[in-house]
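Chains, contacts and geometry: an overview
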Amino acid sequence: MIGKALIGICRLWQKGPSQVLPPSCRYQPSCSAYAITAIQRYGAARGSWIALKRIFRCHPWGGQGYDPVP
């Protein structure tokens, strides 16, 4: 149930602010799609932790390119 709520928040981000803001994703897939996959694959707690680590790597001095969910 918590996982579905977290996925819902990611989907709201994809449908709302993400559509208005200029594209700035450094990684493929985007952080929101990465978070959804991680939560589906690993559950709410571990998937959220994996997604947060990815979000913290997403900065101008971080990496870029294809980065699949482990």
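Residues numbered from 1 in each chain as written. Predicted model: local features only at pLDDT ≥ 70, side-chain atom pairs only at ≥ 80, totals over all residues. Heavy atoms only, no water.

The criterion, for reference: UniProt positions are given in the numbering used here, feature names are shortened, and annotations may be inferred rather than shown by experiment.
As annotated in an unreviewed UniProt entry, the chain carries the name Putative membrane protein insertion efficiency factor and comes from Sphingomonas alba. If you open the UniProt record of the chain and go to Function (unreviewed entry), you find "Could be involved in insertion of integral membrane proteins into the membrane." Under the heading Subcellular location (unreviewed entry), UniProt records this for the chain: "Cell membrane".

1. What about the packing of aromatic side chains?
Put simply, the rule is: Here a pair means two rings of Phe, Tyr or Trp (six-membered ring of Trp) with centres within 6.5 Å. Their orientation is stacked below 30 degrees between planes, edge-to-face above 60, and tilted elsewhere. Both a distance and an angle decide whether a charge sits over a ring: NZ of Lys or CZ of Arg must be within 6 Å of the ring centre and within 35 degrees of the ring normal.
Under the defined criterion, the tally for this structure stands at zero aromatic pairs. The cationic tip of Arg54 hangs over the ring face of Tyr34; the distance from NZ or CZ to the ring centre is 4.3 Å. Looking at Arg57, its charged tip hangs above the ring of Tyr27, at a distance of 5.8 Å from the centre.

2. Considerations on the layout of surface pockets
Put simply, the test is: Put plainly, a pocket is an open set of points on a 1 Å grid over the protein atoms alone with protein on both sides within 12 Å along at least five of seven lines, a cavity is a set where a 1.4 Å probe fits but cannot get out, and a lining residue has an atom within 4 Å of a point. Grid points are joined across faces, edges and corners, and a volume is the space filled by probe spheres set on the points. Strands here mean DSSP runs of E at least two residues long; helices mean DSSP runs of H or I at least four residues long; both are numbered from the N terminus.
The space that makes up the largest pocket amounts to roughly 550 Å³. Lining the largest pocket are 22 residues, with Trp13, Cys25, Ser30, Cys31 and Ser32 positioned closest to its centre. Broken down by element, the lining of the largest pocket gets its largest block of residues, five residues, from helix α1 (residues 2–15).

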